[in-house]
Amino acid sequence: MNRQFMRRLSLAVILISAVPGGSVAAQESFRVELGRDGETLGDMRPVFLKFESRPLPAISPKEVARRYQKLFEKSDEPEVRIDALNRLNNIRDRSGQDIGFSDEQQSAVYEEALASYESILARGSFSGKLDELLYQMAKAHALTGQHEESIQRLRQLVGLYPRSSLVPEARFRIAEAAYNAGEYQEAETGYRQLIEGDGHQDLAMKARYMLGWSQFKQGPAAWNRSAETFMALLDQHLPSEATLLDPPHTGLDMIEDSFRVLALIAARADNSATLAAWLGNRAPVAWPHLLYDRLADLHALEGRFDLAVGINQAFAGNYPEHSAAPDFLAQSVDYWRMAGDTSKAREARADYVARYQSQPKFQELRGQQQALWRDYSRFLGDYHYAAQDWTSAAGYYEVLAGHSGDTGKLLHLAGDARLQAGNRNKALENYRSAAYGARGGGQQRYPDAAEAGWAAIKVLKSTLEESAAGAARGVLAELSSEEQQFGKTFTQDPRLSGLRADLANRWYEVGAYDEALAYARSTLVLESAKTEERYATWLVTARVRQRTGEFGLEERAWRQALLLVDSEPDLATTPDEPEQIREQLATAIYRQGERAAASGDTAVAVAHFQRVNSVVPNTEIAIRARFDASNALLKASEWQTAINELNRFRLDYPAHELTEEVSEKLVYAYHESRQPLKAAGELMAASERAQEPWPLKLRAAALYHQAGELPERNALYMDWLAVAPDPDAAADHVQQQTMRHRLIESGVDSVRQQKAMVTREAASQWHSEETLLWAGKAALALGASVAQEFAAIRLEHPLERALERKQKAMEQAQAYFLEAESFAGETVASEVLYRRAELYRTLAADLMASEVPSELNELEAMQYQMLLEEEAWPLEERAMELHSRNHGRIASQGFDEWIGQSLEALAVMHPGRYDRELRWMSWNMEENEGA
Amino acid sequence: MHRGFHYAQRALIISVLAGLTACATGPGKAPERAAVQPVHSPEQAREWAIKGVNAHENGDIPGAIKAWQTSVALDPSDATTVNNLALLLKQQNRFRDAANLLEQGVEAAPDVAQLHYNLAVISELYLLDLDKALVHYQRYRALTAEEDKLVAGWIADLERRLQ
């Protein structure tokens, strides 16, 4: 609404009301008094109308009036006195000042003036214009209360001088007189004649105004005519929007009064429907809002707020695109407030906000309207917020933020409200906008932007807490993203470090180690990070490094955590937490040792293993680390150092389970470092503690063998062979035969071992080339021994017994030789043949050399000798046959010593064939030297 | 000829002969002729022969063998050295080497009866090559003026065994 115009209209009313009552009463006859409504429509009056015709003199009006007043008083000439009086009146009218004669003086003056007029008229010799004289006389009559006479003079003027320039005014005054006399139809006619005739425009306008009043005064039947007259007046004075901004000063009172009358008529008719009907029949006008407003005001002033609001609503409905429509809606708010109905006032605000909340609609509002819209929105938002109607409050804050410069605070509030309403997504959206996208007043960042950003983070953290396990990772990612924006924007926020530490922990818990590490890192770089946050972060870092196998970095992290918790024990969540950290630290070091050992970096591995004890002295892991240090040394073939470590370990931890393994490792180290005797000694010592000592002893025996310590070895062999069970596997058989072989070689209990060797080999289902050879040689040796015994048996009387013994020995030797050949085959075949042949040869020789019984005579002795020869001959043949077979083996097996011995025997037995002497040649040195 | 060149060339011949000797196999196989005919150096051969004798007398059998081998290489026609070297080889049970050497000696000195005799004995007893033994006993017998009854008996025995 054009409030400025409305104010000007109202101001005009006020000014009119301020005119002193005395002055009005004195001039009642020649003024129309408007602006003061009576108790009934009949009491209503038009506004006061002034007539202005002549310009004022240049000097002070008061001074001019004083001179004319003096002239009137001193002159005796009727013309002069009348003229002075006319001038005086003109000056007072034009200047608007209360100058000249007082009211009391004026009646007396006009009484005197009338006498002058009558005198002039009676003389008939008036030198001036008679129309003016009649006009002045009418005026004088009016001023002296002689209204009928006054009108009579004016009628004379109109009738006698219809072309006089004073006629329009005379007509107007005549009509006014009719109006004042309640002759409204006559007045209507008079005013209409004035309007329709040629003449004074100013008077025509006033006549139209009074025409409307004349019609209005005629009652409801004439109200539509009256309304039409007033609207025509308004069309005339306010033809365009421009005139609304700068309405004509001269007609301001009439315009205002026209609206008033129109409002009164509509109020008594059908209100907005009446206005719609009037205006609907007309071409579009510039002032309809002023009329609606006047009507609404009328109802409001009279306490009919519902009707007033109805008028406002009607205008907004009929003219939704009118620039004043928002003002009407806003006016409704005011009316309801005036009515004390806060609920309806709030609804009116809501209606206002709703109608113009869209961006295009809002942009169409003027600045004050926009400000009002914001006030209403904020009011409504706050109201609903206080009423805990969170969704409504959030809605108002959100929409207000869209049309406000101070969006940050509003969106922050909207976020709070959304959160209270349980709408986390919208709350998040608002918080984020408040924190990162919104502005405070002017172009500055919203002062509490960090709080808004933090609120968003809290929302996400709450969501995370309530998330199912499967969804947690997604929420965590969102929270991380939020943190990144928060951290980027509010780099100095003291809560940032705590958030990052928390995120590091959460990422670790879901197994996202890269993210956990990244957050741990980003926490630690913050100078503001608190000790407990650093502690938590180092713990996460350590665990991640542990998972990823970065044990060096894990150690560093544990150390940092330990440093913190040692300095501030309250950091620990449980009393044994520092101890647990130490154990983890020790494990990290241990793992480094393991890794270094695996990669062959022994020195580093040992160093790591040995460091463990400094962290957790004499704990299980420390003990194991020491043990593994020894293992690393073993692996690196640093034998002596390993031996020293192992021995110390056994000394330090005699009861530890690992100590049981020390002995075996020492054996290994001794063996590898070529200290077999020490290795054997370690085994023998271990065997004393072992439930099954023989495996250890046998290994010791092997080591003694390797070291050439044959007595110790042989003793173990003897002991073992004495108790060893029958072999139940080839290896056992070979092992035992090997021991026997070595004992035989060492000359320890040889015969018994040889016999055992032969017996075991014959009985065994398992054989090796070696065992067969060894058994063969053992059998040969036994056979040779028996053969020696056989050869030693002298064939003495009684020959039968001696021969029997000898034959038995020979059979036994033969059996050994044949057994030897059955074991060792070709390897011993030459020797077997030789020895077997020698048995026969020996027996034959012994037979031939046997003692001839002394009781025989010569002949008997000869016969006896022949008999012996007969017995010996086949034996010798057999011997030759065997030696010859042996000699024949040269072709297939080559020459060997036993063939050579057979050949020597053959040379003796059959010299004609086998006894050959190679012949040396000698050099003829002299001959050669001479040649 | 320059003396240095002479020694170098001789050393080459010795090594070639030694290789040939070592490679010879089979009792009936004739020794291969050297691709390069040996250059006879009786003087040097004699020196080596004497060294061998000295070594033998000192019980240095390997030294004697080595010296005599060198001597034979320098002078394969030295039947004495060939014979005695063969006997040393026989002592070492190197019967095949001994026989081969004797066969070389027989070829170089076919009229030396002792070479045939020793070759026959080694062939008979240690190589069981009775045919070769019979041939060389007979050759020995043919080369000797005096009747050797023992050898005659052996020939008779061989002939009987080979029938």
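Scroll up to find the structure.
The text that follows walks through the structure, step by step, so that each part is easy to find. These numbers come from a predicted model, not from an experiment. (Residues numbered from 1 in each chain as written. Chains lettered and ligands numbered in written order. Predicted model: local features only at pLDDT ≥ 70, side-chain atom pairs only at ≥ 80, totals over all residues.)

### Examining the overall build of chain A
Okay, step 1: Tallying secondary structure elements over chain A gives 46 helices and zero strands in all.
Okay, step 2: Sorting the 931 residues of chain A into buried and exposed places 42% on the buried side.
Okay, step 3: Sequence-distant contacts, at least 24 apart, represent 52% of the contacts inside chain A between residues at least 6 apart. (Helix = DSSP H or I, 4+ residues; strand = E, 2+ residues; numbered from the N terminus. Buried ≥ 20, exposed ≤ 12 C-beta atoms within 10 Å, placed from the backbone. Contact = placed C-beta atoms within 7 Å.)

### Details of the overall build of chain B
Okay, step 1: In terms of helices and strands, chain B carries eight helices and zero strands.
Okay, step 2: Helices (α) and strands (β) of chain B occur, in sequence order from the N terminus, as α-α-α-α-α-α-α-α.
Okay, step 3: Looking at chain B as a whole, 42% of its 163 residues are labelled buried.
Okay, step 4: Across chain B, every contact between residues at least 6 apart in sequence was considered, and the portion connecting residues at least 24 apart equals 49%.

### Brief notes about the interface of chain A and chain B
Okay, step 1: At the junction of the two partners, chain A supplies 16 residues and chain B supplies 19 residues.
Okay, step 2: Within the side of chain A that touches chain B, the residues separate by chemical class into nine nonpolar, four polar and three charged. (Nonpolar A, V, L, I, M, F, W, Y, C, P; charged D, E, K, R; others polar.)

### Quick word on the environment of A:Gly219
Residues and elements named next belong to chain A.
Okay, step 1: In this structure, Gly219 sits in the loop between helix 10 (201–217) and helix 11 (223–237).
Okay, step 2: Here Gly219 falls in the exposed class, since 12 other C-beta atoms lie within 10 Å of it.
Okay, step 3: For the pair Gly219 and Ile265, spaced 46 residues apart in sequence, the C-alpha separation works out to 9.9 Å.

### So, the nonpolar core
Residues and elements named next belong to chain A.
Okay, step 1: With 283 residues, the main nonpolar core has Leu262, Tyr397 and Ala561 as its most contacted residues.
Okay, step 2: Ranked by residues supplied to this core, first place goes to helix 42 (residues 826–848) with 11 residues.
Okay, step 3: The contacts of Leu262, once residues within four sequence positions are left out, are Ala227, Phe230, Met231 and Leu291. (Core = buried A, V, L, I, M, F, W, Y, C linked by C-beta atoms within 7 Å.)

### Re the packing of helix 15 (residues 288–301) of chain A against helix 16 (residues 305–318) of chain A
Residue and element names in this part refer to chain A.
Okay, step 1: Look at helix 15 against helix 16: their axes get within 7 Å of each other, and the N-to-C directions meet at 165 degrees. As summarised for this structure, helix 15 and helix 16 are arranged roughly antiparallel, according to the angle between their axes. The handedness of the crossing between helix 15 and helix 16 is left-handed. Here helix 15 contributes His289, Tyr292, Leu295, Ala296, His299 and Ala300 to the contact with helix 16, which in turn contributes Phe305, Leu307, Ala308, Ile311, Asn312, Ala314 and Phe315.
Okay, step 2: By residue class, the composition of the contact of helix 15 with helix 16 is 10 nonpolar, three polar and no charged. (Axes fitted to C-alpha atoms, helices over the stretch in contact; angles between N-to-C directions. Parallel < 35°, antiparallel > 145°, perpendicular 65-115°, else oblique. Left-handed = near helix turned anticlockwise from the far one by under 90°.)

### What about helix 23 (residues 424–437) of chain A?
Residue and element names in this part refer to chain A.
Okay, step 1: Here helix 23 is 14 residues long and its end C-alpha atoms lie 18 Å apart, about the 20 Å a rise of 1.5 Å per residue gives.
Okay, step 2: Those residues of helix 23 lying buried are Ala427, Leu428, Asn430, Tyr431, Arg432, Ser433, Ala434, Ala435 and Tyr436.
Okay, step 3: Looking at the buried residues of helix 23, the elements they touch are helix 21 (390–401), helix 22 (407–420), helix 24 (449–466) and helix 25 (469–489). (Expected span 1.5 Å × (residues − 1).)

### Description of helix 25 of chain A
Residues and elements named next belong to chain A.
Okay, step 1: Across its 21 residues, helix 25 extends 30 Å between first and last C-alpha, which sits within 8% of the 30 Å expected from 1.5 Å per residue.
Okay, step 2: Buried within helix 25 are the following residues: Leu476, Leu479, Glu482, Glu483 and Phe486. Each buried residue of helix 25 lies within a common arc of 130 degrees when the element is viewed along its axis, so the set occupies one face. Residues Gly470, Gly474, Ser481 and Lys488 are exposed on helix 25 and point more than 90 degrees away from its buried face.
Okay, step 3: Buried residues along helix 25 sit against helix 24 and helix 26 (496–509). (Arc of directions from axis to C-beta.)

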